[in-house]
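Notes for the structure review
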Amino acid sequence: MNLTNATVSERIYTAIRDDILNRNLLAGEKLTIKKLHEMYGVSSSPIREALFRLQQDGLIEYRSNAGMKVMEFTRQDMAEIYMLLTEFDVIALRASTSSDKRGGTVAALKMCLSKSEENIDNEEWNYYSDSFHTIFYEQAGNSRLTDAARKIRIQSTLFSKKYELQSENRQDILKQHREILEAIEEGDLAKAEESMRNHIAASYTKALATLEEE
């Protein structure tokens, strides 16, 4: 694959993914090469590559009798997603707060929270809210853990991007993030783990409400 094709493929993958996450492409919506060519103005090859990656992300599904469509989620799907998300995030928290890594993790989390506070009323909020969690994976330094959690995290983002549009939800999330950081700073990792579990449980409740609205 040459550089030009790789660049186009990455661009179209990002464009389709963002349109799914932002609900410009709706759950259950059929995706054909022709339709996507008309929407994004690129050839079929990078579109196919993007669709393959999005299928791996769990954002679209293929059925032999129906073709490609945007993934639809049930309450059971949500329960499975957030159960795994909880365990992955707790494992990442534990791995990133060992004695040799805690200082770097705390510093990164503090900077992220500061940016979250600065951007709580604009589009950058979602990036910093998600970054709070990805910091644990980065600091853990376990590529297999990061790879295992990637699909689950992307699927959960489909719902968090919607409920995080509400100011009160952003305030709740920011408060929960602070509680996790404070527990880590205090060296009370059991409390930090409990706070993380409570935080994701609250996110699950918000995600279910979002699912019911659709």
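For the structure itself, look to the data block above.
Analysis parameters
- Positions within a chain are numbered from 1, following the residues in the order the chain's sequence is written.
- Per-residue local features of the predicted model are confined to residues with pLDDT of at least 70, and side-chain atom pairs are confined, for both listing and counting, to 80 or more; whole-chain, interface and lining totals are unaffected and use all residues.
- For side-chain calculations, the full set of non-hydrogen atoms in the structure is used, while hydrogens and water are omitted.
- Under the DSSP-based scheme used, a helix requires at least four consecutive residues in state H or I and a strand at least two consecutive residues in state E, with every element numbered from the N terminus.
- For every residue, the accessible area obtained with a 1.4 Å probe (protein chains only) is divided by the maximum for its type, and the residue is called buried under 20%, exposed over 50%, and partly exposed between those limits.
- Contacts: residue pairs with any heavy atoms within 4.5 Å of one another.
- Using the Shrake-Rupley algorithm and a 1.4 Å probe, accessible areas are obtained, with residue cover drawn only from the displayed protein chains.
- Charge assignment in this entry is limited to Lys and Arg as positive and Asp and Glu as negative, and neither His nor the chain termini are counted.
- Each charge is placed at NZ for Lys, CZ for Arg, CG for Asp and CD for Glu.
- The length a helix should cover is 1.5 Å for every residue beyond the first.
- When we speak of the arc, we mean the arc of directions from the helix axis to the C-beta atoms.
- Counted as salt bridges are all cases of a side-chain nitrogen of Lys or Arg within 4 Å of a carboxyl oxygen of Asp or Glu.
- Side-chain rings of Phe, Tyr and Trp (the six-membered ring for Trp) are treated as a pair once their centres are within 6.5 Å; stacked means planes under 30 degrees apart, edge-to-face means over 60, and tilted covers the remaining angles.
- Sitting over a ring, as applied to charges here, requires NZ of Lys or CZ of Arg to be within 6 Å of the ring centre and within 35 degrees of the ring normal.
- Here the rule is simple: two strands pair whenever DSSP picks up at least two bridges between them.
- Here, axes are lines fitted to C-alpha atoms. For helices the fit covers the stretch in contact, and angles between N-to-C directions go from 0 to 180 degrees.

Another aspect to go through is the overall build of the chain. From N to C terminus, the chain includes nine helices and three strands. Ordered by position from N to C terminus, the α and β elements of the chain give α-β-α-α-β-β-α-α-α-α-α-α. Across its three principal axes, the chain shows a C-alpha extent of roughly 55 × 40 × 30 Å. Counting across all 214 residues of the chain, residues that qualify as buried make up 44%. Counting contacts in the chain only where the partners sit at least 6 residues apart, residues at least 24 apart contribute 73% of the total. When the accessible surface of the chain is totalled, it reaches about 11,200 Å², and 49% of it is carbon and sulfur. In the chain, which carries 28 positive and 35 negative side-chain charges, the distance between the mean positions of the two groups comes to 5 Å.

This part takes up helix α3 (residues 44-57). Taking 1.5 Å per residue as the helical rise, α3 with its 14 residues ought to reach 20 Å, and the 20 Å between its terminal C-alpha atoms agrees with that figure. Along α3, the positions that sit buried rather than exposed are Pro46, Ile47, Ala50, Leu51, Leu54 and Asp57. Summarising the axial view, the buried residues of α3 lie within an arc of 140 degrees, below the 170-degree limit, and thus occupy one face. Of the residues one or two after α3, glycine 58 is the one with positive phi, at around 80 degrees.

We now examine unusual backbone geometry. Outside of glycine, negative phi angles account for most residues, and trans bonds account for most peptide bonds. With phi around 65 degrees, arginine 23 is a residue other than glycine that occupies positive phi space. Looking at the secondary structure, you find arginine 23 in the loop between α1 (3-21) and β1 (30-31).

Moving on: the pattern of salt bridges. Applying the stated rule across the entire model yields 18 salt bridges. The salt bridge involving aspartate 130 is made with arginine 153; its shortest N-O contact spans 3.2 Å. Of this pair, aspartate 130 sits in helix α6 (residues 124-140) while arginine 153 sits in helix α7 (residues 143-163), and the two are 23 residues apart along the sequence. In this structure, glutamate 213 engages lysine 162 in a salt bridge whose closest nitrogen and oxygen atoms are separated by 4.0 Å. Residue glutamate 213 is located in helix α9 (residues 189-213), and its partner lysine 162 is located in helix α7; the two are separated by 51 residues in the primary sequence. Residue classification places glutamate 213 among the exposed positions, given a relative accessible area of 53%. A residue is classified by how much of its surface remains accessible, and lysine 162, at 26% relative accessible area, is partly exposed. A single salt-bridge network, built from bridges that share partners, covers Glu61, Arg63, Lys69 and Glu72.

Enumeration over the complete set of coordinates arrives at four aromatic pairs. Between phenylalanine 73 and phenylalanine 159, the aromatic rings sit 5.6 Å apart at their centres with planes inclined by 75 degrees, giving edge-to-face as the arrangement. With phenylalanine 73 in the loop between β3 (67-70) and α4 (75-96) and phenylalanine 159 in helix α7, the pair connects residues that are 86 residues apart, well separated along the chain. Here phenylalanine 73 matches phenylalanine 159 in class, with each residue buried. Here phenylalanine 132 and phenylalanine 136 contribute two aromatic rings whose centre-to-centre distance is 5.6 Å and whose plane-to-plane angle is 80 degrees, an arrangement assigned as edge-to-face. Taken together, the residues span about one helical turn, with phenylalanine 132 and phenylalanine 136 both in helix α6 at a distance of four residues. Overall, phenylalanine 136 belongs to the buried group, its relative accessible area being 1%. Sitting over the face of the ring of tyrosine 13, arginine 53 holds its NZ or CZ atom 3.7 Å from the ring centroid.

We now examine the sheet that holds β1. If you walk across this open sheet you meet the three strands as β1-β3-β2, and the pairing is antiparallel. Across the chains shown, the open sheet's two edge strands, defined by having one partner strand only, are β1 and β2 (60-63). Alignment of β2 against β3, held across four bridges, turns out to be antiparallel. For arginine 63, the partnering residue across the bridge sits in β3 and is glycine 67. Strand contacts of α3: β1, β2 and β3, with the helix running at about 105 degrees to β2, the strand carrying the most contacts.

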